Amino acid sequence: MSWIDRVRKALPFKDKRDTPDNLWTSCPSCKEMLFTKEYEDNQSVCPRCDHHGRIGADARFAHLLDEGFTILETPKVKEDPLKFKDSKKYPERLKAARAANPHPDALTNAAGTIDGHKVVLGVQDFAFMGGSMGMAVGSTFVAGIDRAIKDKCGYVICTAAGGARMQEGILSLMQMPKATVAISRLRRAGLPYIVVLTDPTTGGVTASYAMLGDVHIAEPGCLIGFAGQRVIQDTIREKLPEGFQRAEYLHEHGMVDMVVHRRELKATLASLLDYLTAAKAA
């Protein structure tokens, strides 16, 4: 036995401690390595470059609503109405998405308060099949509007979607007019409808309820559009401006009312709800 083996055997080595796999997070924008806890404590905003990361429904509810909010039940709809199959059957895709996410579909509602102002808050989660809009999303949106009318409060939605859900075909597209009619009922009741556009908001969601708000707020740097930039460039055969379809560009050109940092979003929503509901009370 060599001397180094003798020394090694004599030393009381302890087993190496396991290091969590999610200890570090790489910022999608600046690629800086961040402590995951520091990143999450900062509401998933990079402390180095201020990039706003994508977050799920539960994190949104925790950031925006006061304690004591209630998650509302997602309406049941007929699944796989077209018996759609691509490389996988649609029910298999739904099963996988539900196993990886805490809620049964891409849109979830909660009833609660924002700085004491009663509200129904809907949040689309891009992690659930790209936040795509199918019958479940349409029905959940209408259910949120109905609850807001019943509670005589505003409806706020945080949008994040790649558009309509292709596995539901024309039935997914029918959610666009369905949502539009629900918004008109909310307006007739004199209640505010506020849209928070987050990254990304595209396709049929942008073409319907995402751009029908009384006020449109966007998070910094988020992608907002209908068709993709490459598709538009190929169609019009012109190079698009720098930052096209980003929140700041749309704000500059009047498509968005304000661009608000995530840490200021709750206070901004509270001010808007206070102003809009005060006008109703007056």
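For the structure, check the block above.
Residues numbered from 1 in each chain as written. Predicted model: local features only at pLDDT ≥ 70, side-chain atom pairs only at ≥ 80, totals over all residues. Heavy atoms only, no water.

1. Thoughts on the nonpolar core
Formed by 40 residues in total, the largest nonpolar core has its most connected members in F141, Y155, I157, Y193, Y209 and I224. If you list the elements that add at least two residues to this core, you get α4 (90–100), β4 (107–114), α5 (135–151), β6 (154–161), α7 (175–188), β7 (193–201) and α10 (247–252). Among the nonpolar cores identified, the runner-up in size contains 21 residues, and A57, L64, V215 and L273 belong to it. (Core = buried A, V, L, I, M, F, W, Y, C linked by side-chain atoms within 4.5 Å. Buried < 20%, exposed > 50% of the residue type's maximum accessible area, 1.4 Å probe, protein only. Helix = DSSP H or I, 4+ residues; strand = E, 2+ residues; numbered from the N terminus.)

2. Observations regarding the pairing of β7
Within β7, 9 of the 9 residues are buried, which leaves the element mostly enclosed by the surrounding structure. With 6 bridges joining them, β6 and β7 adopt parallel strand pairing. Paired with V156 across the two strands is I194, which belongs to β7. When β7 meets strand β8 (residues 215–218), the two strands line up parallel, connected through 4 bridges. Of the residues in β8, the one forming a bridge with I194 is V215. (Pairing = 2+ DSSP bridges.)

3. Some thoughts on the packing of α5 against α7
It is at 9 Å that the axes of α5 and α7 come closest, and there the two elements cross at 5°. Accordingly, the angle class assigned to the pair α5 and α7 is roughly parallel. Touching M135, G138, S139, F141, V142, I145, D146, A148 and I149 of α5 are Q175, K178, A179, A182, I183, R185 and L186, all from α7. Its residues assigned to classes, the contact of α5 with α7 shows 10 nonpolar, 3 polar and 3 charged. (Axes fitted to C-alpha atoms, helices over the stretch in contact; angles between N-to-C directions. Parallel < 35°, antiparallel > 145°, perpendicular 65-115°, else oblique. Contact = heavy atoms within 4.5 Å. Nonpolar A, V, L, I, M, F, W, Y, C, P; charged D, E, K, R; others polar.)

4. Observations regarding the sheet that holds β6
Spatial strand order, β3-β4-β5-β6-β7-β8-β9: 7 strands in an open sheet with mixed pairing. Each edge of the sheet is formed by a strand with only one pairing partner; in this case those strands are β3 (70–71) and β9 (258–259). Sheet analysis places β3 next to β4, joined by 2 bridges and oriented antiparallel. From the neighbouring strand, I71 faces β4, where its bridge partner is A110. Sheet strands in contact with α5 are β4, β5 (117–124), β6 and β7, and its direction is about 20° off that of β4.

5. What about α4?
Buried within α4 we find Y90, L94 and A97. In an axial view of α4, the angular spread of the buried residues amounts to 65°, which keeps them on one side of the axis. Set apart from the buried face of α4 by more than 90 degrees, the exposed residues are K95, A99 and A100. (Arc of directions from axis to C-beta.)

6. Some words on the pattern of salt bridges
Summed over the entire model, instances satisfying the criterion amount to 17 salt bridges. Where R48 meets E32, a salt bridge forms, and the shortest distance between an N and an O atom there is 4.0 Å. With a gap of 16 residues between them, R48 in the loop between α2 (36–41) and α3 (57–64) and E32 in the loop between β1 (24–26) and β2 (33–35) connect regions that are remote in the sequence. Beyond isolated ion pairs, a larger network of salt bridges with shared partners links E32, E38 and R48. (Salt bridge = Lys/Arg side-chain N within 4 Å of Asp/Glu carboxyl O.)

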